[in-house]
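# Fold and geometry: a report
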Amino acid sequence: DRHSINEYSLGSTLGTGKFGKVYKAYSGPNRLVVAIKVITKKPWNNQQFSMNQTMRQIQLWKARGLTSSLTGDEAVKLMNIQKCRWEIYVMTTLSNPYVISLKECLDSSLSKSIYIVNEWCNLGELKWKRQDHEQVHPQWEQVLPGCDHLTFVKKALFDLSQGLYYLRTKGIIHRLSLIHISEPTRLQLI
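In this text the structure is predicted, and so the values were computed from the model without any measurement.

### Observations regarding the overall build of the protein
Within the protein one finds four helices and eight strands. Along the protein, from the amino end to the carboxyl end, the secondary structure elements read β-β-β-β-α-α-β-β-α-α-β-β. For the protein, the residues scored as buried account for 29% of the 190 residues in total. Within the protein, counting contacts between residues at least 6 apart in sequence, those at least 24 apart form 41% of the total. Total accessible area on the protein is roughly 13,200 Å²; 54% of this is exposed by carbon and sulfur atoms.

### Some remarks on the environment of Tyr8
Mapped onto the elements, Tyr8 comes out in strand S2 (residues 8–16). Separated by 16 residues in sequence, Tyr8 and Lys24 place their C-alpha atoms 9.7 Å apart. Setting aside its immediate chain neighbours within four residues, Tyr8 contacts His3, Ala25, Tyr26, Ser27, Val34, Ile36, Glu104, Leu106 and Val117. Within the structure, Tyr8 has its side chain in polar contact with the side chain of Glu7 (distance 3.4 Å). A distance of 2.4 Å separates polar atoms of two side chains, one belonging to Tyr8 and the other to Glu104.

### Considerations on the nonpolar core
Of all hydrophobic cores here, the largest spans 11 residues; its members are Ile5, Tyr8, Leu10, Tyr23, Ala25, Val34, Ile36, Val38, Leu106, Tyr115 and Val117. With three residues, strand S4 (residues 32–40) is the single largest residue contributor to this core. Every residue in contact with Val117, bar those within four places of it in the chain, is listed here: Tyr8, Val34, Ala35, Ile36, Leu102, Lys103, Glu104 and Leu106. Core analysis: the next-biggest nonpolar cluster, separate from the first, contains eight residues, Cys84, Met91, Leu102 and Ile114 among them.

### Description of the packing of helix H1 (residues 51–63) against helix H2 (residues 72–92)
Working note: a packed helix pair is described by the angle between its axes plus the distance between those axes. At a minimum axis separation of 9 Å, H1 and H2 run at an interaxial angle of 90°. As far as their axial angle goes, H2 and H1 are roughly perpendicular. Residues Gln53, Thr54, Gln57, Ile58 and Trp61 of H1 touch H2, and the partners they reach there are Gly72, Ala75, Val76, Leu78, Met79 and Gln82. Of the residues assigned to the contact of H1 with H2, the class counts are six nonpolar, five polar and no charged.

### Comments concerning unusual backbone geometry
At Asn6, a residue that is not glycine, the phi angle is positive and equals roughly 50°. Looking at the secondary structure, you find Asn6 in the loop between strand S1 (4–5) and S2. Of note, Arg31 is a non-glycine position whose phi angle comes to about 55°, a positive value. If you trace the backbone, Arg31 turns up in the loop between strand S3 (20–27) and S4.

### Let's talk about the sheet that holds S2
Here we have six strands laid out as an open sheet, ordered S1-S2-S3-S4-S6-S5, and antiparallel in their pairing. The open sheet has two free edges, formed respectively by S1 and strand S5 (102–106), since each of these has just one partner strand. Note: S4 against strand S6 (residues 113–119), seven bridges, orientation antiparallel. Residue Lys37 lies in a different strand from S6, and its bridge partner there is Ile116. In the packing of H2 onto the sheet, the strands contacted are S4, S5 and S6, and the crossing angle to S6 comes to about 20°.

About the cut-offs
- Throughout this description, residue numbers start from 1 for each chain and increase along the sequence as written.
- In view of the model being predicted, local features appear only for residues whose pLDDT reaches at least 70, and side-chain atom pairs are presented and counted only at 80 or more, with totals across whole chains, interfaces and linings using the full set of residues.
- Just so you know, side-chain values use all the structure's heavy atoms and leave hydrogens and water out.
- Strands are runs of DSSP state E lasting at least two residues, helices are runs of H or I lasting at least four, and both sets are numbered from the N terminus onward.
- When accessible area is computed with a 1.4 Å probe and restricted to protein chains, residues below 20% of their type maximum are described as buried, those above 50% as exposed, and intermediate ones as partly exposed.
- Any two residues having at least one pair of non-hydrogen atoms within 4.5 Å are treated as being in contact.
- Each accessible area value is a Shrake-Rupley result obtained with a 1.4 Å probe; residue values ignore everything except the protein chains displayed when judging cover.
- Each polar contact in these results corresponds to two N or O atoms within 3.5 Å; when the atoms are within protein, one needs to be able to donate a hydrogen and the other to accept it, and residues that are neighboring in sequence are counted only if both atoms are side-chain atoms.
- To define a nonpolar core, start from buried Ala, Val, Leu, Ile, Met, Phe, Trp, Tyr and Cys residues and group those joined through side-chain atoms within 4.5 Å.
- Lines fitted to the C-alpha atoms define the axes, with helices restricted to the stretch that makes contact. Angles between their N-to-C directions range from 0 to 180 degrees.
- Geometric relationships in this document are graded by angle, where less than 35 degrees denotes roughly parallel, more than 145 denotes roughly antiparallel, 65 to 115 denotes roughly perpendicular, and other angles denote oblique.
- Note on residue categories: nonpolar means Ala, Val, Leu, Ile, Met, Phe, Trp, Tyr, Cys or Pro, charged means Asp, Glu, Lys or Arg, and polar means any other residue, Gly included.
- We treat two strands as partners when DSSP finds at least two bridges between them.

If you want it as structure tokens, here you go:
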């Protein structure tokens, strides 16, 4: 069924990224809310891996006797699956209040996709854009009722730095980019 996976009922699409889609989903009779990241085993963009990477991977599998013939598309699919499995493995090693937790992973040799079930973050993506610098975004009020903009920014940066510090202690590097806009420079997690 396109609208359910195991005990999860898929809801609305939360976002679409470079590698898949994220859905709001519901689990069990009490309708526990989770986020499900759906990653297709065959990437949407075959340019994700260079031709050199693909050819090296084919040669490696042949040298190990894992396959006698493998097409470029099959190699790209296998490399994508390996990358997903590595991400899932890393997520299983994490347990910290500042990092989203993995609930489970659903995969089958018959499935065209891998389903990563994460805890639900009920406020969504952190919103920074406001009408003026002093305005407190309504989303921020849900986190810290009655806060001013500086108090919220301090909390957001503290929480973000705690999550990044934890990842660093585990040997994980999370990509950050600095985006310069007409207002002060801000950090965006990718």
